[in-house]
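# Coordinates in review
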Amino acid sequence: MKMISIFNSTIPNQLCKDRLTPLLSFIIGMKKWIGAAVVLLFFVGLLAFLLPILGWQKQLDQESAEYEVLSSAVQLPQTSEPPVVTPSEADSSVLNDLISSLDGCVLSEDIPASSAPARTSSIDLEACKAQNSDFAAWLSIPNTPVNYPVVFTYDTAYYLKHSFTGSTSSLGTLFATGDTSFSRPSRNIAIYGHNIRAKPTVMFSPLLSYKNAEFYQAHRTIHLDTLNGAYTYKVFAAFNMRYD
């Protein structure tokens, strides 16, 4: 007698499908959760990266506003045209030697020697001195954001991180070192200030624009109102150098 065995494969296949379906659903669900978690982590990381930057920008805006308020408070009506002070022959020679030894972008021209009397200051210097005993001068470049007080100090590290009013500040304060003399305006005066890359309109950041010839030609004068007199200097050279 012959026996015929018939196997119906439909039954075990159905069992496999029944077992695999929950597993596949679980895997698909996990992929969705993982995808959502990755997106969430991305945005959390982006937020963690941006918050300090936005916070610093807000801080810079507040510190910049403090200087704007100070500028408005000490501004006096302009009563006379400022005289132009250009370097003496000796000073021009020293600066030309310095410029010729530097590598970088240099814009310059020959300026004849001259002298000029002091003018009436447009800044309430006594009010500035009352706020900070280190006050030495007020520096401004017309039609630019550069419009700040300058202090005379031996503690340069302090003014790198403090404003003119003494508060902690990323902008710091423009300063001249203790060996600087403001009594002879024809002499070279070194004034230091921050270059804030995140806010190119504050402190000495706009000075980088002097690398552009058009800017150089349009902003040829610098006002310096000191306790010994108020003067206007004519820019005769601009150079960019790296300090190590």
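Here's a quick rundown of the structure.

Calculation criteria
- Residues numbered from 1 in each chain as written.
- Predicted model: local features only at pLDDT ≥ 70, side-chain atom pairs only at ≥ 80, totals over all residues.
- Heavy atoms only, no water.
- Helix = DSSP H or I, 4+ residues; strand = E, 2+ residues; numbered from the N terminus.
- Buried < 20%, exposed > 50% of the residue type's maximum accessible area, 1.4 Å probe, protein only.
- Contact = heavy atoms within 4.5 Å.
- Areas by Shrake-Rupley, 256 points an atom, 1.4 Å probe, with all protein chains shown as cover.
- Phe/Tyr/Trp six-rings, centres within 6.5 Å; stacked < 30°, edge-to-face > 60°.
- Lys NZ or Arg CZ within 6 Å of the ring centre and 35° of its normal.

## Some thoughts on the overall build of the protein
Secondary structure assignment for the protein yields five helices and eight strands. Each of the 244 residues in the protein was classed as buried or not, and the buried ones make up 32%. Contacts spanning at least 24 positions in sequence make up 67% of the contacts within the protein whose residues lie at least 6 apart. Of the roughly 15,800 Å² of accessible surface on the protein, a fraction of 61% belongs to carbon and sulfur atoms.

## Quick look at the side chain of Ser-140
Within the fold, Ser-140 resides in strand E3 (residues 135–140). The exposure class assigned to Ser-140 is buried, which follows from its relative accessible area of 14%. Sequence-distant contacts of Ser-140, that is, excluding residues within four places in its chain, are made with Val-146, Asn-147, Ile-222 and His-223.

## Some details on unusual backbone geometry
In the Ramachandran plot, Asn-143 falls in the positive-phi region, its phi being about 65 degrees despite a non-glycine side chain. By the element assignment, Asn-143 lies in the loop between E3 and strand E4 (147–153). Positive phi, normally seen in glycine, also occurs at Met-203, with a value near 50 degrees. Following the sequence through the fold, Met-203 ends up in the loop between strand E5 (174–177) and helix H5 (213–218). Using a relative accessible area of 0% as the deciding quantity, one classes Met-203 as buried.

## Looking at the packing of aromatic side chains
Evaluation of the coordinates by the stated rule reveals seven aromatic pairs. Ring centres of Phe-175 and Tyr-192 lie 5.5 Å apart, and the angle between their planes is 25 degrees; this geometry places the pair in the stacked category. Placement of the pair is Phe-175 in strand E5 and Tyr-192 in the loop between E5 and H5, with a sequence separation of 17 residues. Overall, Phe-175 belongs to the buried group, its relative accessible area being 6%. Residue class for Tyr-192 comes out partly exposed when judged on its relative accessible area of 42%. Members of the aromatic cluster, joined through ring pairs, are Tyr-210, Phe-215 and Tyr-216. In this structure, Arg-220 packs its charged tip against the face of Tyr-216, placed 4.8 Å from the ring centre.

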